[in-house]
Amino acid sequence: MVLAVETSSPIFSVAIGEGEKILAFLQAEGKGPPSLLLTEIIRQATIQAGVPLKALDGFAVSIGPGSFTGLRVGVTTVKTLAWALQKPVVPVSSLEVMARNLKGQNRQVLTFVDARKAKVYSALFMCNGAAEIQRLTPDRLLSPEEALRQRRDQPVLIVGDGVRRYGELLRNVEVADPSLWIPRADEVCRAAQVQWATARMDDPHRLVPQYLYSKESNITGW
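About the cut-offs
All residue numbers here refer to positions counted from 1 along the written sequence of the relevant chain. A pLDDT threshold of at least 70 governs which residues receive local features in this predicted model, and a stricter bar of 80 or more applies before side-chain atom pairs are shown or counted, although totals over entire chains, interfaces and linings include all residues. Computation of side-chain values: all heavy atoms of the structure, hydrogens and water removed. Two strands form a pair only when DSSP identifies at least two bridges running between them. The secondary structure listing takes helices from DSSP runs of H or I that are at least 4 residues long and strands from runs of E that are at least 2 residues long, numbered from the N terminus. Simply put, an axis is a line fit to the C-alpha atoms, just over the touching stretch for a helix, and the angle between two N-to-C directions goes from 0 to 180 degrees. Residue exposure (1.4 Å probe, protein chains only): buried if accessible area is under 20% of the type maximum, exposed if over 50%, otherwise partly exposed. By definition, a salt bridge exists where a carboxyl oxygen of Asp or Glu is found within 4 Å of a side-chain nitrogen of Lys or Arg. To estimate the expected span of a helix, subtract one from its residue number and multiply by 1.5 Å. Between two residues, a contact is recorded if the distance between any of their heavy atoms is within 4.5 Å. Only the six-membered ring of Trp is used, alongside the rings of Phe and Tyr, when aromatic pairs are assigned; centres must lie within 6.5 Å, and planes under 30 degrees apart are stacked while those over 60 apart are edge-to-face, with the rest tilted. Cysteine sulfur pairs qualify as disulfides if the two atoms are within 2.5 Å. We define the nonpolar core as a collection of buried residues of types Ala, Val, Leu, Ile, Met, Phe, Trp, Tyr and Cys that are connected through side-chain atoms lying within 4.5 Å of one another. Handedness rule for crossovers: strands pointing away from the viewer, path from the first strand over the helix to the second running clockwise, crossover right-handed.

Digging into the sheet that holds strand 1 (residues 2-6)
Okay, so step 1: A sheet is described by the order of its strands in space; here five strands give the open sequence 3-2-1-4-5, paired in mixed fashion. Edge positions in the open sheet fall to strand 3 (21-28) and strand 5 (89-92), since each of these has one partner strand only. The average angle at which neighbouring strand axes cross in this sheet is 15°, direction not considered.
Okay, so step 2: Bridge analysis of strand 4 (residues 58-62) against strand 5 gives four bridges, and the strand direction is parallel.

Structural data, given as C-alpha coordinates:
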(Lines give C-alpha, C1' and ligand atoms only; values in the text may rest on other atoms or scores of the structure.)
Protein backbone atom coordinates (compact mmCIF):
# COMPACT_ATOMS: atom_id res chain seq x y z
CA MET A 1 0.00 0.00 0.00
CA VAL A 2 1.15 3.49 -0.86
CA LEU A 3 0.19 6.84 0.67
CA ALA A 4 0.43 9.61 -1.93
CA VAL A 5 0.57 13.37 -1.37
CA GLU A 6 -0.07 16.17 -3.88
CA THR A 7 0.61 19.77 -2.83
CA SER A 8 1.80 21.51 -6.00
CA SER A 9 -1.44 23.50 -6.32
CA PRO A 10 -3.56 25.40 -3.76
CA ILE A 11 -5.74 22.28 -3.38
CA PHE A 12 -3.86 19.69 -1.31
CA SER A 13 -4.83 16.03 -1.65
CA VAL A 14 -3.90 12.67 -0.14
CA ALA A 15 -4.66 9.16 -1.38
CA ILE A 16 -3.95 5.63 -0.18
CA GLY A 17 -3.86 2.91 -2.80
CA GLU A 18 -3.14 -0.77 -3.16
CA GLY A 19 -2.50 -1.94 -6.70
CA GLU A 20 -5.18 -0.38 -8.90
CA LYS A 21 -7.55 0.20 -5.99
CA ILE A 22 -7.77 3.58 -4.26
CA LEU A 23 -8.70 2.98 -0.63
CA ALA A 24 -8.97 6.65 0.39
CA PHE A 25 -8.89 10.03 -1.33
CA LEU A 26 -9.24 13.45 0.32
CA GLN A 27 -8.83 17.02 -0.93
CA ALA A 28 -8.62 20.20 1.11
CA GLU A 29 -8.11 23.90 0.55
CA GLY A 30 -8.12 26.33 3.41
CA LYS A 31 -6.50 29.04 5.44
CA GLY A 32 -3.96 28.51 8.19
CA PRO A 33 -0.61 26.71 8.25
CA PRO A 34 -0.33 24.43 5.18
CA SER A 35 1.62 21.83 7.16
CA LEU A 36 -1.25 21.44 9.64
CA LEU A 37 -3.77 21.14 6.80
CA LEU A 38 -1.73 18.38 5.16
CA THR A 39 -1.14 16.54 8.43
CA GLU A 40 -4.87 16.54 9.12
CA ILE A 41 -5.91 15.13 5.74
CA ILE A 42 -3.21 12.45 6.02
CA ARG A 43 -4.72 11.50 9.38
CA GLN A 44 -8.22 11.43 7.91
CA ALA A 45 -7.08 9.35 4.92
CA THR A 46 -5.58 6.65 7.16
CA ILE A 47 -8.86 6.52 9.10
CA GLN A 48 -10.92 6.34 5.89
CA ALA A 49 -8.75 3.51 4.53
CA GLY A 50 -8.46 1.76 7.89
CA VAL A 51 -4.69 1.60 7.43
CA PRO A 52 -2.16 2.77 10.04
CA LEU A 53 0.94 4.52 8.72
CA LYS A 54 3.21 1.72 9.91
CA ALA A 55 1.33 -0.76 7.67
CA LEU A 56 2.21 1.15 4.48
CA ASP A 57 4.78 -0.19 2.03
CA GLY A 58 5.90 3.34 1.24
CA PHE A 59 5.02 6.84 0.15
CA ALA A 60 4.67 8.82 -3.05
CA VAL A 61 4.82 12.57 -3.46
CA SER A 62 4.33 15.06 -6.24
CA ILE A 63 7.63 16.96 -6.39
CA GLY A 64 6.66 19.76 -8.78
CA PRO A 65 6.99 22.00 -10.57
CA GLY A 66 4.33 24.10 -8.92
CA SER A 67 3.73 26.18 -5.81
CA PHE A 68 7.03 26.59 -3.99
CA THR A 69 5.38 26.72 -0.56
CA GLY A 70 3.13 23.74 -1.24
CA LEU A 71 5.97 21.64 -2.59
CA ARG A 72 8.16 22.38 0.42
CA VAL A 73 5.35 21.31 2.76
CA GLY A 74 4.52 18.14 0.82
CA VAL A 75 8.08 16.94 0.33
CA THR A 76 9.15 17.77 3.89
CA THR A 77 6.14 15.98 5.38
CA VAL A 78 6.67 12.85 3.28
CA LYS A 79 10.42 12.83 3.98
CA THR A 80 9.76 13.04 7.71
CA LEU A 81 7.22 10.21 7.69
CA ALA A 82 9.32 8.01 5.41
CA TRP A 83 12.44 8.52 7.51
CA ALA A 84 10.62 7.87 10.78
CA LEU A 85 8.97 4.70 9.46
CA GLN A 86 11.98 3.57 7.37
CA LYS A 87 9.89 3.40 4.19
CA PRO A 88 10.86 4.22 0.57
CA VAL A 89 9.49 7.16 -1.40
CA VAL A 90 8.47 7.44 -5.06
CA PRO A 91 8.77 10.98 -6.52
CA VAL A 92 6.31 11.91 -9.27
CA SER A 93 6.24 14.98 -11.53
CA SER A 94 3.22 17.19 -10.88
CA LEU A 95 2.94 17.81 -14.63
CA GLU A 96 2.69 14.08 -15.24
CA VAL A 97 0.04 13.88 -12.54
CA MET A 98 -1.96 16.63 -14.24
CA ALA A 99 -1.63 14.96 -17.65
CA ARG A 100 -2.91 11.71 -16.16
CA ASN A 101 -6.26 13.45 -15.63
CA LEU A 102 -6.62 13.20 -19.42
CA LYS A 103 -5.34 9.64 -19.89
CA GLY A 104 -8.62 8.49 -21.42
CA GLN A 105 -8.08 10.85 -24.36
CA ASN A 106 -6.59 9.68 -27.65
CA ARG A 107 -4.27 12.59 -28.41
CA GLN A 108 -1.35 14.63 -27.15
CA VAL A 109 -1.74 16.51 -23.86
CA LEU A 110 0.31 19.65 -23.24
CA THR A 111 0.54 20.89 -19.66
CA PHE A 112 0.47 24.69 -19.44
CA VAL A 113 0.84 25.86 -15.84
CA ASP A 114 1.32 29.54 -14.98
CA ALA A 115 4.81 30.04 -13.51
CA ARG A 116 4.57 33.87 -13.46
CA LYS A 117 7.18 36.19 -14.96
CA ALA A 118 5.82 35.41 -18.48
CA LYS A 119 6.66 31.70 -18.17
CA VAL A 120 4.79 28.42 -17.93
CA TYR A 121 5.68 24.98 -16.61
CA SER A 122 5.12 22.65 -19.50
CA ALA A 123 5.60 19.09 -20.76
CA LEU A 124 4.10 17.10 -23.61
CA PHE A 125 2.52 13.67 -23.15
CA MET A 126 0.76 11.17 -25.40
CA CYS A 127 -2.51 9.66 -24.25
CA ASN A 128 -3.84 6.72 -26.24
CA GLY A 129 -7.03 5.99 -24.35
CA ALA A 130 -5.31 3.43 -22.11
CA ALA A 131 -4.59 3.54 -18.40
CA GLU A 132 -1.05 4.89 -18.82
CA ILE A 133 0.49 7.83 -20.68
CA GLN A 134 3.76 8.34 -22.54
CA ARG A 135 6.05 11.27 -21.80
CA LEU A 136 7.32 13.04 -24.94
CA THR A 137 9.31 15.91 -23.40
CA PRO A 138 10.87 16.67 -20.00
CA ASP A 139 9.34 19.18 -17.61
CA ARG A 140 10.47 22.66 -18.64
CA LEU A 141 10.10 26.32 -17.75
CA LEU A 142 9.30 28.07 -21.03
CA SER A 143 7.66 31.12 -22.48
CA PRO A 144 4.06 30.36 -23.54
CA GLU A 145 5.10 30.55 -27.18
CA GLU A 146 7.97 28.10 -26.65
CA ALA A 147 5.66 25.73 -24.79
CA LEU A 148 3.20 25.66 -27.67
CA ARG A 149 6.00 24.88 -30.12
CA GLN A 150 6.52 21.54 -28.35
CA ARG A 151 3.38 20.21 -30.05
CA ARG A 152 3.83 17.51 -32.66
CA ASP A 153 1.79 17.33 -35.88
CA GLN A 154 -1.18 15.73 -34.10
CA PRO A 155 -4.28 16.85 -32.20
CA VAL A 156 -3.40 18.34 -28.81
CA LEU A 157 -5.32 19.20 -25.66
CA ILE A 158 -4.03 21.99 -23.38
CA VAL A 159 -4.39 21.60 -19.61
CA GLY A 160 -3.38 24.00 -16.85
CA ASP A 161 -4.13 27.39 -15.33
CA GLY A 162 -1.78 29.16 -17.75
CA VAL A 163 -4.81 29.16 -20.04
CA ARG A 164 -6.30 31.99 -17.98
CA ARG A 165 -3.30 34.29 -18.45
CA TYR A 166 -2.34 33.38 -22.02
CA GLY A 167 -5.69 32.48 -23.53
CA GLU A 168 -5.13 34.80 -26.50
CA LEU A 169 -2.45 32.39 -27.73
CA LEU A 170 -4.83 29.41 -27.57
CA ARG A 171 -7.69 30.55 -29.78
CA ASN A 172 -7.20 27.67 -32.24
CA VAL A 173 -6.29 25.00 -29.69
CA GLU A 174 -8.65 22.83 -27.65
CA VAL A 175 -8.45 23.41 -23.89
CA ALA A 176 -9.37 20.85 -21.21
CA ASP A 177 -12.15 21.60 -18.75
CA PRO A 178 -10.87 23.58 -15.72
CA SER A 179 -11.92 20.73 -13.42
CA LEU A 180 -9.03 18.74 -14.92
CA TRP A 181 -6.35 21.36 -14.23
CA ILE A 182 -5.76 20.25 -10.62
CA PRO A 183 -3.20 17.48 -10.00
CA ARG A 184 -4.70 14.80 -7.73
CA ALA A 185 -3.12 12.47 -5.20
CA ASP A 186 -5.01 9.45 -6.54
CA GLU A 187 -3.12 9.88 -9.83
CA VAL A 188 0.14 10.33 -7.88
CA CYS A 189 -0.68 6.99 -6.29
CA ARG A 190 -1.35 5.27 -9.64
CA ALA A 191 1.80 6.71 -11.19
CA ALA A 192 3.80 5.55 -8.18
CA GLN A 193 2.48 2.00 -8.51
CA VAL A 194 3.93 1.90 -12.05
CA GLN A 195 7.31 3.16 -10.82
CA TRP A 196 7.20 0.80 -7.86
CA ALA A 197 7.10 -2.16 -10.24
CA THR A 198 10.35 -0.97 -11.85
CA ALA A 199 12.02 -0.14 -8.51
CA ARG A 200 12.19 3.60 -9.30
CA MET A 201 12.27 4.78 -5.69
CA ASP A 202 14.26 7.37 -3.77
CA ASP A 203 15.97 7.35 -0.42
CA PRO A 204 13.98 9.89 1.66
CA HIS A 205 17.21 11.75 2.46
CA ARG A 206 17.76 12.54 -1.24
CA LEU A 207 14.21 13.64 -1.97
CA VAL A 208 13.91 17.30 -3.04
CA PRO A 209 11.23 19.36 -4.81
CA GLN A 210 11.65 19.99 -8.53
CA TYR A 211 11.96 23.76 -8.77
CA LEU A 212 12.22 25.04 -12.33
CA TYR A 213 13.20 28.67 -12.75
CA SER A 214 15.38 30.87 -14.91
CA LYS A 215 18.85 31.61 -13.55
CA GLU A 216 18.23 35.31 -13.93
CA SER A 217 14.98 35.13 -11.95
CA ASN A 218 14.69 36.13 -8.33
CA ILE A 219 11.85 33.89 -7.16
CA THR A 220 11.17 33.70 -3.45
CA GLY A 221 8.17 31.37 -3.59
CA TRP A 222 4.41 31.62 -3.80
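Having seen the model, we can carry on.
Topic: the pairing of strand 6 (residues 106-116)
Okay, so step 1: Buried residues dominate strand 6, accounting for nine of its eleven residues.
Okay, so step 2: In this antiparallel pair of consecutive strands, strand 6 and strand 7 (residues 119-128), the connection spans two residues, and Lys 117 shows a positive phi of 50°.
Okay, so step 3: Two elements, strand 6 and strand 10 (residues 156-159), share four bridges in a ladder whose sense is parallel. Of the residues in strand 10, the one forming a bridge with Thr 111 is Val 159.

Things to note about the pattern of salt bridges
Okay, so step 1: Summed over the entire model, instances satisfying the criterion amount to nine salt bridges.
Okay, so step 2: For the salt bridge of Glu 187 with Lys 103, the shortest nitrogen-to-oxygen distance reads 2.5 Å. A residue pair is termed long-range when its members are at least 10 positions apart, and Glu 187 in helix 6 (residues 185-197) and Lys 103 in the loop between helix 3 (94-100) and strand 6 qualify at 84 residues. Take Glu 187 and Lys 103: they sit in the same class, and that class is buried.
Okay, so step 3: Through salt bridges that share partners, Arg 100, Lys 103, Arg 184, Asp 186, Glu 187 and Arg 190 make up one connected network.

Observations regarding helix 2 (residues 68-85)
Okay, so step 1: Taking 1.5 Å per residue, 18 residues should reach 26 Å; helix 2 reaches 26 Å between its end C-alpha atoms and fits that length.
Okay, so step 2: Turning to helix 2, its buried residues number three or more, namely Phe 68, Gly 70, Leu 71, Val 73, Gly 74, Val 75, Thr 77, Val 78, Leu 81 and Ala 82.
Okay, so step 3: The inward-facing, buried residues of helix 2 abut strand 1, strand 2 (12-18), helix 1 (34-49), strand 4, strand 5 and strand 7.
Okay, so step 4: Positive backbone phi, at 55°, marks Gln 86, one or two positions downstream of helix 2.

Considerations on the packing of aromatic side chains
Okay, so step 1: Under the defined criterion, the tally for this structure stands at two aromatic pairs.
Okay, so step 2: Look at Phe 112 and Tyr 166: their rings are 6.4 Å apart centre to centre, the planes differ by 90°, and that puts the pair in the edge-to-face class. Here Tyr 166 lies in helix 5 (residues 162-166) and Phe 112 lies in strand 6, a separation of 54 residues in the sequence.
Okay, so step 3: Taking the relative accessible area as the measure of exposure, Tyr 166 reaches 10% and is therefore buried.

Observations concerning the state of the cysteines
Note: disulfide means a covalent bond formed between the sulfur atoms of two cysteine side chains.
Okay, so step 1: One pass over the structure, following the stated rule, counts zero disulfides.
Okay, so step 2: In this structure Cys 127 is a free cysteine whose sulfur lies 19 Å from that of Cys 189, the closest cysteine sulfur available.
Okay, so step 3: You can call Cys 189 buried: its relative accessible area is 1%.

Things to note about the nonpolar core
Okay, so step 1: If you look at the biggest cluster of nonpolar residues, it comprises 31 residues, and the most contacted ones within it are Phe 112, Tyr 121, Ile 158 and Val 159.
Okay, so step 2: Only helix 3, strand 6, strand 7, helix 4 (144-148), strand 10 and helix 5 provide two or more residues apiece to this core.
Okay, so step 3: By residue number, the principal contributor to this core is strand 7, which donates six residues.
Okay, so step 4: Apart from residues no more than four positions distant in its own chain, Ile 158 is found in contact with Leu 110, Phe 112, Leu 148, Val 163, Leu 170, Val 173, Glu 174, Val 175 and Ala 176.
Okay, so step 5: By size, the runner-up hydrophobic cluster in this structure holds 26 residues, among which are Ile 16, Leu 38, Leu 56 and Ile 63.

Digging into the pairing of strand 5
Okay, so step 1: With burial as the criterion, each face of strand 5 is covered, one bearing Val 89 and Pro 91 and the other bearing Val 90 and Val 92.
Okay, so step 2: In this region the chain leaves strand 4, passes through helix 2 and returns to the parallel neighbour strand 5; the handedness of that crossover is right-handed.

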